[in-house]
Amino acid sequence: MAKFYTCRNDRAFKEVFLNPNNSDLLKALLEFILKIKIDKLEIKKTELLSGNVNVKDKRVDAIVHTGNKKIEIEINSQYEKYLNPRNMAYICNTYQSHTLVGKEYNQQTDIVQVNLTWGLGKNNDEMKIYKIMNEKGELYVKNFIIYEINMDYYDKIWYSKNEEEIKKNQYMIMLDLDKKELENMPKDDIVDKYITNVTIVNDDPEFQKYMSEEEDKKKIQNSLLSEAKEEGISQVAKNLLSMNMPIEDISKATGLSIENLNELKKEL
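A quick note: this is a predicted structure, and the numbers were derived from the prediction, not measured. (Residues numbered from 1 in each chain as written. Predicted model: local features only at pLDDT ≥ 70, side-chain atom pairs only at ≥ 80, totals over all residues. Heavy atoms only, no water.)

**Q** Even after reading the chapter, I still don't get the nonpolar core, so can you show me in this structure?
**A** Within the largest apolar cluster, 51 residues are counted, with the highest numbers of intra-cluster contacts made by Phe17, Leu116, Met174 and Tyr194. When residues in this core are grouped by element, the largest group, eight residues, is from helix α2 (residues 23-34). Sequence-distant contacts of Met174, that is, excluding residues within four places in its chain, are made with Phe17, Leu182, Met185, Ile190, Val191 and Tyr194. Counting residues in each nonpolar core, the second largest holds eight residues, with Leu241, Ile250, Leu261 and Leu264 among its members. (Core = buried A, V, L, I, M, F, W, Y, C linked by side-chain atoms within 4.5 Å. Buried < 20%, exposed > 50% of the residue type's maximum accessible area, 1.4 Å probe, protein only. Helix = DSSP H or I, 4+ residues; strand = E, 2+ residues; numbered from the N terminus. Contact = heavy atoms within 4.5 Å.)

Dropping the structure here:
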């Protein structure tokens, strides 16, 4: 049986929400998050160009224009330490690209990043809003805003089975529900259309093939990183052993067992 990919996955999110026929889905989601009324959405190409090798050719998950806002959307399926500086690099790139257009620097267009992030913790706030300001709360620029959305907050609401809260937050909750769970969601036109489209995407053999290959790549990368990390720890342990540091202290410092350290000692 094929795996069901929710919109916690950035590829599934793109396939559903960046489909030109589904602009109403993206509109409903952004209206809920930003607490604004959106009359029209314009989805832009998401290629970021930069001289910075760490940013060049990176595709953000979505860039949307609406009214006086340019909104960049990032899907983070799990929280990692590198995400904040990485996402900061993306929005700064967007901000730079915007301010370089035209003859003057202006703050009439809000440059907004919406991070939908899982792994922040179920006890954290629903949302945090970041701006550039000094210790007195005085804004450095008024049009640079980051919304960090704690998606675990909405998972918690779903599992609470509080029907009123689920109904109120349904557009966020539905993003990470599997096929069976979606059947039990309170329905409206947006939820119905979302369920139809995310199901169509998952039923597409090309999408499943792509996702399978992507997951295989990630598993290989993680295995290689793990091996590299273990090799690095082993080398540190060998250096400490050669310095005659007590083996118990080395075990505490590296996390390696006394047995493993004794094996490494034989190699010296």
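**Q** Would you mind showing me how to read the environment of Ile63 here?
**A** With respect to the element layout, Ile63 can be found in strand β4 (residues 62-66). Distance in space between the C-alpha atoms of Ile63 and Leu18 is 9.5 Å, their sequence separation being 45 residues.

**Q** Looking at this model, I keep getting lost on unusual backbone geometry. Mind explaining?
**A** For residues other than glycine, phi is negative in most cases, and the peptide bonds are mostly trans. Residue Lys35 is not a glycine yet carries a positive backbone phi of 55°. The residue Lys35 is located in the loop between α2 and β1 (42-44) in this model. The backbone of Asn244 sits at a positive phi, close to 65°, despite the residue not being glycine. With respect to the helices and strands, the residue Asn244 is situated in the loop between α9 (205-242) and α10 (247-254). Under the relative-accessibility criterion, Asn244 is labelled exposed at 67%.

**Q** It is not clear to me how the environment of Asn197 should be interpreted in this structure. Could you clarify?
**A** Among the secondary structure elements, Asn197 is positioned in helix α8 (residues 189-202). Take Asn197: its relative accessible area is 15%, and that puts it in the buried class. Through-space distance from the C-alpha of Asn197 to that of Asn22 is 8.6 Å; in sequence the pair is 175 residues apart. Other than its neighbours up to four places away in sequence, Asn197 contacts Val16 and Asn22. Of the polar contacts made by the side chain of Asn197, one reaches the backbone oxygen of Lys193; its length is 2.8 Å. (Polar contact = N/O pair within 3.5 Å; in protein donor to acceptor, adjacent residues only side chain to side chain.)

**Q** What exactly am I supposed to notice about the packing of aromatic side chains here?
**A** How two aromatic rings sit relative to each other is given by the distance of their centres and the angle of their planes. Overall, the coordinates contain six aromatic pairs when judged by the stated rule. Ring geometry for Phe13 against Phe17: centres 4.6 Å apart, planes inclined by 20°, an arrangement best described as stacked. Taken together, the residues span about one helical turn, with Phe13 and Phe17 both in helix α1 (residues 10-17) at a distance of four residues. The pair Phe13 / Phe17 is uniform in exposure class, with both members buried. For the ring pair Tyr153 and Tyr154, a centre distance of 5.3 Å and an interplane angle of 80° mean the geometry is edge-to-face. On the basis of relative accessibility, which here comes to 26%, the residue Tyr153 falls in the partly exposed class. Residue class for Tyr154 comes out buried when judged on its relative accessible area of 1%. Taken together, the ring pairs connect Phe13, Phe17 and Tyr194 into an aromatic cluster. The positively charged end of Lys35 is found above the aromatic ring belonging to Phe32, 4.0 Å away from the centroid. (Phe/Tyr/Trp six-rings, centres within 6.5 Å; stacked < 30°, edge-to-face > 60°. Lys NZ or Arg CZ within 6 Å of the ring centre and 35° of its normal.)

Keep in mind these values describe shape, not function.
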